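Report on the structure
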Amino acid sequence: PPPKVRATHSDCSIVLYFQEQQAECLEIIRSESQMSAPPGLPGQQGCPTEWDGVSCWAAVPVGQYRAVACPDILHVFKKSKALIRRNCTESGWSFPSPPYYNACELEAIGSNNDTEAKASYFVTMKVLYTCGYSTSLAALFLAIGIFSCFRKLHCTRNSIHIHFFTSFILRGAAVFIKDAVLFSDESVDHCTMSTVNCKAAIAFFQYSVLANFYWLLVEGMYLQTLLLLAFTSDKRYIWWYILIGWGVPMLTVCVWVVTRLQYDNHGCWDDYTSLYWWVIKAPILLAIFVNFLIFLNVTRMLAQKIWSPDISKNYKQQYMRLTKSTLLLIPLFGVHYVVFALFPEHIGVDARLYFELVLGSYQGFLVALLYCFLNGEVQAEIKRNWGKWQSSMESNVFNLVTQDFTA
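From a predicted model like this one, the values you see are computed outputs, not experimental measurements.

**Looking at the environment of L227**
- The residue L227 is located in helix α5 (residues 196-228) in this model.
- Residue class for L227 comes out buried when judged on its relative accessible area of 5%.
- In this structure, the C-alpha to C-alpha distance between L227 and K305, residues 78 residues apart in sequence, is 9.3 Å.

**Here we look at the environment of S361**
- Here S361 lies in helix α9 (residues 349-361).
- Residues S361 and C131, spaced 230 residues apart in sequence, show a C-alpha to C-alpha distance of 8.1 Å.
- Side-chain polar atoms of S361 contact the backbone oxygen of V358, separated by 2.5 Å.

**Observations concerning the UniProt feature "transmembrane region" (unreviewed entry) in the protein chain**
- Feature annotation in UniProt places "transmembrane region" (unreviewed entry) on residues 127-150, 162-183, 213-231, 238-263, 275-296, 326-347 and 353-374, given in this structure's numbering.
- In residues 238-263, helix accounts for 100% and strand for 0%; the two terminal C-alpha atoms are 37 Å from one another.

**A closer look at the confidence of the model for the protein chain**
- Per-residue pLDDT for the protein chain has a mean of 78; in total, 72% of the residues score no lower than 70.
- Taking the mean pLDDT of every element in the protein chain, the minimum, 63, falls on helix α8 (residues 313-341) and the maximum, 94, on helix α6 (residues 238-263).
- The low-confidence segment residues 1-8 (pLDDT under 50) makes 18 contacts with residues lying over four places distant or belonging to another chain.

Calculation notes
Residues numbered from 1 in each chain as written. Predicted model: local features only at pLDDT ≥ 70, side-chain atom pairs only at ≥ 80, totals over all residues. Heavy atoms only, no water. Helix = DSSP H or I, 4+ residues; strand = E, 2+ residues; numbered from the N terminus. Buried < 20%, exposed > 50% of the residue type's maximum accessible area, 1.4 Å probe, protein only. Polar contact = N/O pair within 3.5 Å; in protein donor to acceptor, adjacent residues only side chain to side chain. UniProt positions renumbered as here; feature names shortened; annotations may be inferred. pLDDT = per-residue confidence, 0-100. Contact = heavy atoms within 4.5 Å.

Have a look at this one:
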């Protein structure tokens, strides 16, 4: 028999419920077919066990009947005390009385207009986050190119920024890969989809999300270390930062994959109601909580240094420049996630989708803007190299003109 469904999307729970009931009923029918007569009815004529698409009717002798209740599915059928009966006649099972549509009244569901509006809403959401991730990917690749091309920008701080940008690139790519694998074919039944490709796409997506949050944590840790240990070389910590930013997410996802394979290997692993989802969710919440503590501590240290009379104006400006980007990003990345984490996954779905997909898709662009394009050091280096290039071009033109004149 198929494994029991432990957790799934609410929309798919109806389909999977009936599939489980059908599988159990077919197993009974198979066992009966191996016997000469239905169980408990030796030598008697009767109606065999039958699955009618909704309920399983156990075998009974001719002249008797069976009664079943409406399927117990939340948010689908209204609770009804009426029983549905079928008589066993010499011609076989009679029709259900009363019919299912009378005995099991459906809960009020949206009209066709509501369904079309919902479909249009999701199409709009997809267009918005596709544009957002495309813009973010272009900006992040450009920012990495700038940090890599100019030698004067090669330092531990910018190296951490590059890793942070890369985590955003992976996150954007993971969203596109997940859409391509899960939703490219409309004829696929997503409720029963359980392929290696879709599970790998979800695992890669979870890894990229975890890496994104942990590199934000590294940004906060680096800033705090810089303020606490002003005279210590920051190069000695770079491998610890890399281990936290890439290693912890990898270990977490490996544990999650092994757990799902062992205990909950159904569907495409994209359900968020399973208890095993906390293997991913708990480390993310931990990173956000630690980042919030760092945010408070850095704010305290920054206030002390700015108001200290022993620190010159230049150092104060340097501290402000180093901290403004990270202090802005830490609450920006964590607040909405903490708020939604306090509620079940089915609460505030529209708001959750808007924050995590639409607004979240532009976070990479915002990071590139704050850490690179609005960075005074980067702007000065670009201006300096642009001036050198212009001077070189003018010199080349002057030399060409002079050669033509002397010739």
